[in-house]
Amino acid sequence: SQQGEEDPQALSIQEGENATMNCSYKTSINNLQWYRQNSGRGLVHLILIRSNEREKHSGRLRVTLDTSKKSSSLLITASRAADTASYFCATAPYYGNNRLAFGKGNQVVVIP
Amino acid sequence: SQTIHQWPATLVQPVGSPLSLECTVEGTSNPNLYWYRQAAGRGLQLLFYSVGIGQISSEVPQNLSASRPQDRQFILSSKKLLLSDSGFYLCAWSVSQDTEAFFGQGTRLTVV
């Protein structure tokens, strides 16, 4: 299985602080993606990083990928209360089988 | 632009009753379609995915089935619900396995 495994499971921070969460996976991937889920809603795609990329930025988000360690991290800078959500990583397998494998998710609570 | 519709938003069904959840996608052709289940506070479990009409792959043997009668329609069914079928069901689509997935708003199913 290529299921991602985020770490830590839950994070509580003050508004303005940075939040970092990690994801590890087990097999070769084509790309790795991060999603956000607000309580009781569907997932929203945040950022995709390909296996030949090491770092990617999107607004206040910074994603790194280390294929040698089979791990990725998501950094949210200058967090806001609206960033309170669960964050999931998902891996797209290198060898095609048409599906994303999701991790268990990190719950992030940003305290105003 | 592309949109995904999933309904109903919530559903309470007695044990042993049938189930039909529907998902439709607009604005794209031949999407990859997915059904996921999310238990409370857990990650996403892929149930079924489809790369074309009538082509369904099952990830987890269980009490559920899926069908794709039209290119942009994906249906999740059960003949007799079990208590363990309770959960949050999410439909999603993607252009291919290595692109981002777009999720519906989910169906909260409670089997009583």
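Definitions and cut-offs
- Sequence order as written defines the numbering, with residues in each chain counted from 1.
- All chains are assigned letters beginning with A, and all ligands numbers beginning with 1, in the order in which they are written.
- Per-residue local features of the predicted model are confined to residues with pLDDT of at least 70, and side-chain atom pairs are confined, for both listing and counting, to 80 or more; whole-chain, interface and lining totals are unaffected and use all residues.
- Excluded from the side-chain calculation are hydrogens and water; included are all heavy atoms of the structure.
- Helix and strand assignments follow DSSP, with helices taken as H or I runs no shorter than four residues and strands as E runs no shorter than two, numbered in order from the N terminus.
- This radius of gyration counts C-alpha atoms alone. The globule rule is 2.2 Å times how many residues there are, raised to the power 0.38.
- In these tables, accessible area is a Shrake-Rupley quantity obtained with a 1.4 Å probe, and a residue counts as shielded only by the protein chains included in the view.
- The charge count includes Lys and Arg as positive and Asp and Glu as negative, but it does not include His or the ends of the chains.
- A single reference atom marks each charge: NZ on Lys, CZ on Arg, CG on Asp, CD on Glu.
- Here, residues are in contact when the closest pair of their heavy atoms is within 4.5 Å.
- Strands were regarded as paired on the criterion that DSSP finds at least two bridges between them.
- Throughout, buried area stands for the accessible area (probe radius 1.4 Å) lost by two parts on being put together, summed over both.
- By salt bridge we mean one thing: a side-chain nitrogen of Lys or Arg within 4 Å of a carboxyl oxygen of Asp or Glu.
- Gly is put with the polar residues, along with every residue not named as nonpolar or charged; the nonpolar set is Ala, Val, Leu, Ile, Met, Phe, Trp, Tyr, Cys and Pro, and the charged set is Asp, Glu, Lys and Arg.
- Any Phe, Tyr or Trp ring, taking Trp's six-membered ring, that has another such ring centre within 6.5 Å forms a pair; planes under 30 degrees apart are called stacked, those over 60 apart edge-to-face, and the others tilted.
- Three exposure classes are used, based on accessible area relative to the maximum for each residue type with a 1.4 Å probe and protein chains only: buried under 20%, partly exposed in between, and exposed over 50%.
- Here, a disulfide means two cysteine sulfur atoms that sit within 2.5 Å of each other.

Of regular secondary structure, chain B possesses 0 helices and 11 strands. In chain B, the order of α-helices and β-strands from amino to carboxyl end is β-β-β-β-β-β-β-β-β-β-β. Over its C-alpha atoms chain B spans a radius of gyration of 13 Å, differing by no more than 12% from the 13 Å that the globule rule assigns to 112 residues. For chain B, the spread of C-alpha atoms along the three principal axes comes to 40 × 25 × 20 Å. Total accessible area on chain B stands at roughly 5100 Å², and carbon and sulfur atoms take up 53% of it. The positive charge centre, built from 7 side chains, and the negative charge centre, built from 7, are 12 Å apart in chain B.

Here the focus is the environment of Ser 67 of chain B. Residues and elements named next belong to chain B. With respect to the secondary-structure elements, Ser 67 resides in strand β7 (residues 65-70). Expressed as a C-alpha distance, the spacing of Ser 67 and Tyr 49, which sit 18 residues apart in the sequence, is 9.7 Å. The residues contacting Ser 67, other than those within four sequence positions of it, are Ile 56, Gln 73, Phe 74 and Ile 75.

Next up on the list: the pairing of strand β6 (residues 55-58) of chain B. Residues and elements named next belong to chain B. The pairing of strand β5 (residues 44-52) with β6 spans 3 bridges and is classified as antiparallel. Each bridged residue has a counterpart across the sheet, and for Tyr 49 the counterpart in β6 is Ser 57. In textbook terms, the turn of a hairpin is the stretch between consecutive antiparallel strands, and for β5 and β6 this stretch comprises 2 residues, one of which, Gly 54, has a positive phi near 75 degrees.

Listed as interface residues are 24 residues of chain A and, on the opposing side, 22 residues of chain B. Summing both sides of the interface, chain A and chain B together bury roughly 1800 Å²; the carbon and sulfur share of this comes to 49%. Seen at the junction of chain A and chain B, the total is 0 salt bridges. Each residue belonging to the side of chain A that touches chain B can be placed in one class, and the counts come to 8 nonpolar, 12 polar and 4 charged.

One pass over the full model with this rule turns up 8 aromatic pairs over all chains. Ring centres of Trp 35 of chain B and Phe 74 of chain B lie 6.2 Å apart, and the angle between their planes is 25 degrees; this geometry places the pair in the stacked category. With Trp 35 of chain B in strand β4 (residues 32-38) and Phe 74 of chain B in strand β8 (residues 73-78), the pair connects residues that are 39 residues apart, well separated along the chain. Classification of Phe 74 of chain B as buried rests on a relative accessible area of 0%. Members of the aromatic cluster, connected to one another through ring pairs, are Tyr 35 and Phe 102 of chain A together with Tyr 34, Tyr 36 and Phe 103 of chain B.

Let's shift gears to the pattern of salt bridges. What the rule picks out here adds up to 5 salt bridges over all chains. Of the charged contacts, one joins Glu 55 of chain A and Arg 62 of chain A as a salt bridge, the two residues approaching to 3.1 Å between their closest N and O atoms. Note that Asp 85 of chain B and Arg 37 of chain B form a salt bridge whose closest N and O atoms lie 3.8 Å from each other. Within this pair, whereas Asp 85 of chain B is found in the loop between β8 and β9 (87-94), its partner Arg 37 of chain B is found in strand β4, the two being separated by 48 residues in sequence. Its relative accessible area of 14% is what places Arg 37 of chain B among the buried residues.

This brings us to the state of the cysteines. Residue and element names in this part refer to chain B. Taken as a whole and assessed by the stated rule, the structure comprises 2 disulfides over all chains. For Cys 23, the disulfide goes to Cys 91, at an S-S distance of 2.0 Å. Judged by the torsion about the S-S bond (-75 degrees), the Cys 23/Cys 91 disulfide is left-handed. Here the residue Cys 23 occupies a position in strand β3 (residues 19-26), and Cys 91 occupies one in strand β9, the gap between them amounting to 68 residues. According to the relative accessible area criterion, Cys 91 is buried, its value standing at 0%.

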